[in-house]
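Given next are the chains, with one letter for each unit.
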Amino acid sequence: MSKPKFAMYWAASCGGCEIAVLNIHEKILDVDANFEVVFWPVAMDAKYKDVEAMEDGSILLTLFNGGIRNDENEHIAKLLRKKSQILVAFGSCACEGCIPGLANFSPIQQVVDTAFSTVSTDNPENVRPQPSYDMPEGTIHIPTLYPVLRTLDQVVDVDYYMPGCPPESHQIAAVIDLVIQVLQGKAQLPPKGSVIGAGGSTVCDECKRKRNEKTIKEFGRIQLMHADPELCLLEQGIPCNGPATRSGCNARCPSAGAQCIGCYGPAEGVVDYGARLVSAFASVIDSNDPAEIDRILDGLVDPAGQFYRFNLAGSLLRAAKPAWKSGD
Amino acid sequence: MTQRITIDPITRLEGHGKIEIFLNDEGEVANTYFQIPELRGFERFVVGRPVEEMPLLTNRICGVCPEAHHMAAAKAVDAVYHVEVPRTGKMLRELLYSAFYCTDHTTHFYALAGPDFVMGPDAPVAERNILGVIHKVGLEIGGKVIQMRKYGHTVVEMIGGRKVHPCTSIPGGLTKGITEEQRKEIEEMGRWAIEFAQFSLKLFSDIVLGNKTYLDLILGDIYTHQTYYMGLVDENNHVNFYDGKVRVVGPDGKELVKYAPHEYTENVAEHVEPWTYLKFPYLKKVGWKGFVDGPDSGVYCATPLSRLNAADGMATPRAQEEYEKMYKTLGGKPVHQRLATHWARLIELLYAAERWVELATDPEITSPNYHTIPTEKPTEGVGIVEAPRGTLTHHYWTDERGVVTKANLIVGTTNNYAPITMSIQKAAKSLIKKGTVINEGLLNMVEMAFRAYDPCFGCATHSLPGQMPLEVTIRNAQGEIVDVLKQFVD
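Caption draft 1: Just the overall build of chain B, in detail. Within chain B one finds 15 helices and 16 strands. The burial tally for chain B puts 70% of its 490 residues in the buried class. Long-range pairs, those at least 24 residues apart, make up 67% of the contacts in chain B between residues at least 6 apart in sequence. Total accessible area on chain B stands at roughly 15000 Å², and carbon and sulfur atoms take up 51% of it.

Given below as structure tokens:
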């Protein structure tokens, strides 16, 4: 009997998800032993045309990373959806937009204009890249950028979500183990729509730092203090996103002295990441005086980024109004 | 018949870069276009963010070399705050970076470049991969390659907090140091890395330099361009990856300029073409003259070979020996033959490993003095490091609260966009002649032209350095497909 087919693809992403998968080291051999890898541009010969030629639903499992930034990304997302029985939004970009989703704060023209008018750009005629361009020898093409970056499930139906920027390698290994057990009839898949390869609580629950009752009189900046290496960072006034962020990473950043920046996305049951974080931060502010509360909140110098750093494209907001309008 | 050739790495629909070659009526190459199909727009959306987040946000430009972005950003935010990082802080960052270099250069040499030489450029496509290399030279070497990658990542995680997208560099230093136990472990791994690098150079010497065909291939004209070369150097004009000044030498090897990071705008500008999302950096003082080489063209290269060409030597003894050997073998400086980049990369691997041990054995490396609290108002700052694939420049402006108001990034591979384009053109021209049938050779040669640069359009788009699947579609003047040639595609 032929082995079930496995695919992995990147859209608008950085390649870190691929590196995280390669970092499972010897587990890769399990993937090889249990699956026929039919499409994985980073690790093997790409067979895009083969994918097109496959029967619908013939790939058992596809891990899709990257957001949907342009028409090519969307095309491949739809193609792989059609060909795959199980499509996993793999990593923060596919799940919730990740850092590239911050582009949704700006109209796309502004994003392009900025890139082509930086201080070192020599562009006296204000040239912008064109999807189709007539050269003396013929017309050449590049993809068209969409006005807003979308998550995978805003473009196609998604079966499972695997968060993280990138997903931790031990979580990837655990998911691969699970799928292999399912194949062997020893386990069952979780219900469609589940988050896999992550915990069900928050980063705070995994964090080993000491916690007291959190009360703060001001928000601080990590570079402007010598933070206590043992004490909860939020308690020290450092805006740590742990309270709203899903567990699963073993609180990696706080363990290394850095604040959680939220790459594992909303904790279980949280509808809107930003709203949850606003409420978590509000609850630690030690004041009942409106003027003082305002002063304390001013210490958060970038509320929009703080609350939606990884999650903007996947949030209830999805994008700022000017970005939506740039598509009109 | 006028023809149009489309070379699509992987395929046009996957956004990994695309080459168009146009032939004239005589069947000679009229022009080539190498297109980068994606833009994510970091320079726009980092505006409004607290500047201390830049080492975290810009990591996400590239998951292959996040360490490079983390370090360039860290140095830029230090500059924004006008803060001097304590010696231990600098050493920890450079130690992380040296280990990362070992991992990255190893991956490139064994998985990417190695197959061409170990298996031979004429070996069947199916054998020209890392598995082919392991089969030929033995499983033991494969194990060593995996070990080297693991060790590098282990050090990155110990100092940077994470294996991918490190999180510990902040303005003024780091959020944590290392313990004596960690130091010992790091030192041990570093000593192993030196042996591994020496072993790799010996392998290169045995397999490549001992074979006249390969040596001729390296020294041949097809992969030769006489351009300017760029690289970061220390106060002795020795190669440095983490710190120093950017030195540029001309095609004659003479220094054109040596500039401090904040002087980059006087020295580098980026040309724009309407048919691609990526810009073409060039030397401002020489000027943009199009995709041509020579002393009058501002096109420059920023690769391992460029760094060695731009420097006077290596800062560590074993690497210096190898440096001298390379230039002696190849007939002096600068070396213009692009395939020598693979050799230069291994010399850098040895340097990085030696530097790793130097730093790991410094008595101050375990000091708790790894961070200085900035006291000045944040304004503007530039940070430059050498990414494995070229000089990486980050430039930020902030308001007085340290919130980013403007940013400019010139990333590693981007530096080489023009030279890669030229190498493609030259490979095309050397293979496509009047009446000559375009064959598999074109694919191999174009691919090897690419590979020497180790292009990582992850930084510009999202393609990993890896096997470069190519598809060549030959069309007639009416756009009808005449023939399709493939490699790593089917």
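Caption draft 2: Representation of the interface of chain B and chain A in the model. Of the residues lining the interface, 90 residues belong to chain B; the matching set on chain A comes to 86 residues. Summed over both sides, the interface between chain B and chain A buries roughly 7300 Å², with carbon and sulfur atoms accounting for 61% of that surface. Counting every contact that joins chain B to chain A gives four salt bridges. Notably, a salt bridge pairs B:Glu53 with A:Arg309, separated by 2.6 Å at the nearest N-O pair. Sheet analysis places strand β6 (residues 121-122) of chain A next to strand β9 (residues 268-271) of chain B, joined by two bridges and oriented parallel. By the bridge assignment, A:Thr121 is partnered in β9(B) with B:Glu270.

Caption draft 3: Just the packing of aromatic side chains, in detail. Using the criterion set out here, one finds 25 aromatic pairs over all chains in the structure. Here A:Tyr9 and A:Phe64 contribute two aromatic rings whose centre-to-centre distance is 5.6 Å and whose plane-to-plane angle is 45 degrees, an arrangement assigned as tilted. Taken together, the residues A:Tyr9 in strand β1 (residues 5-10) and A:Phe64 in strand β3 (residues 59-65) connect sequence positions 55 residues apart. When sorted by exposure, A:Tyr9 lands in the same class as A:Phe64, which is buried. Ring pairs connect the aromatic residues B:Phe22, B:Tyr33, B:Phe34, B:Trp275, B:Phe280, B:Tyr282, B:Trp288, B:Phe291 and B:Tyr417, which therefore count as one cluster.

Caption draft 4: A look at the nonpolar core. Residues and elements named next belong to chain B. With 146 residues, the main nonpolar core has Tyr-97, Ile-159, Ile-186, Trp-356 and Tyr-396 as its most contacted residues. In terms of residues, this core owes the most to one element, helix α12 (residues 341-360), which gives 13 residues. Formed by 29 residues, the second largest nonpolar core is a distinct cluster that contains Val-29, Phe-34, Ala-269 and Cys-301.

Caption draft 5: Spatial organisation of the sheet that holds β6(A). With mixed pairing, the three strands of this open sheet are ordered in space as β6(A)-β9(B)-β10(B). Because the sheet does not close on itself, it has two edges, and the strands there are β6 of chain A together with β10 (280-283) of chain B. Both β9(B) and β10(B) contribute to a ladder of four bridges, which runs antiparallel. Residue pairing for β10(B): B:Glu270 is matched across the bridge by B:Pro281.

Caption draft 6: Expanded view of the pairing of strand β6 (residues 228-233) of chain B. All names here are of chain B. The buried count for β6 comes to six of six residues, which makes it a mostly enclosed element. Along β6, one buried face is formed by Tyr-228, Met-230 and Leu-232 and the opposite face, lined by Tyr-229, Gly-231 and Val-233, is buried too. Examined bridge by bridge, β6 and strand β11 (residues 300-301) share two bridges and lie parallel to one another. Bridge pairing in β11 places Tyr-228 opposite Tyr-300. Where β6 and strand β7 (residues 245-249) come together, five bridges link them in antiparallel fashion. Following the sheet pairing, Val-233 is matched in β7 by Lys-245.

Conventions used here
Residues numbered from 1 in each chain as written. Chains lettered and ligands numbered in written order. Predicted model: local features only at pLDDT ≥ 70, side-chain atom pairs only at ≥ 80, totals over all residues. Heavy atoms only, no water. Helix = DSSP H or I, 4+ residues; strand = E, 2+ residues; numbered from the N terminus. Buried < 20%, exposed > 50% of the residue type's maximum accessible area, 1.4 Å probe, protein only. Contact = heavy atoms within 4.5 Å. Areas by Shrake-Rupley, 256 points an atom, 1.4 Å probe, with all protein chains shown as cover. Buried area = accessible area lost by both parts, 1.4 Å probe. Salt bridge = Lys/Arg side-chain N within 4 Å of Asp/Glu carboxyl O. Pairing = 2+ DSSP bridges. Phe/Tyr/Trp six-rings, centres within 6.5 Å; stacked < 30°, edge-to-face > 60°. Core = buried A, V, L, I, M, F, W, Y, C linked by side-chain atoms within 4.5 Å.

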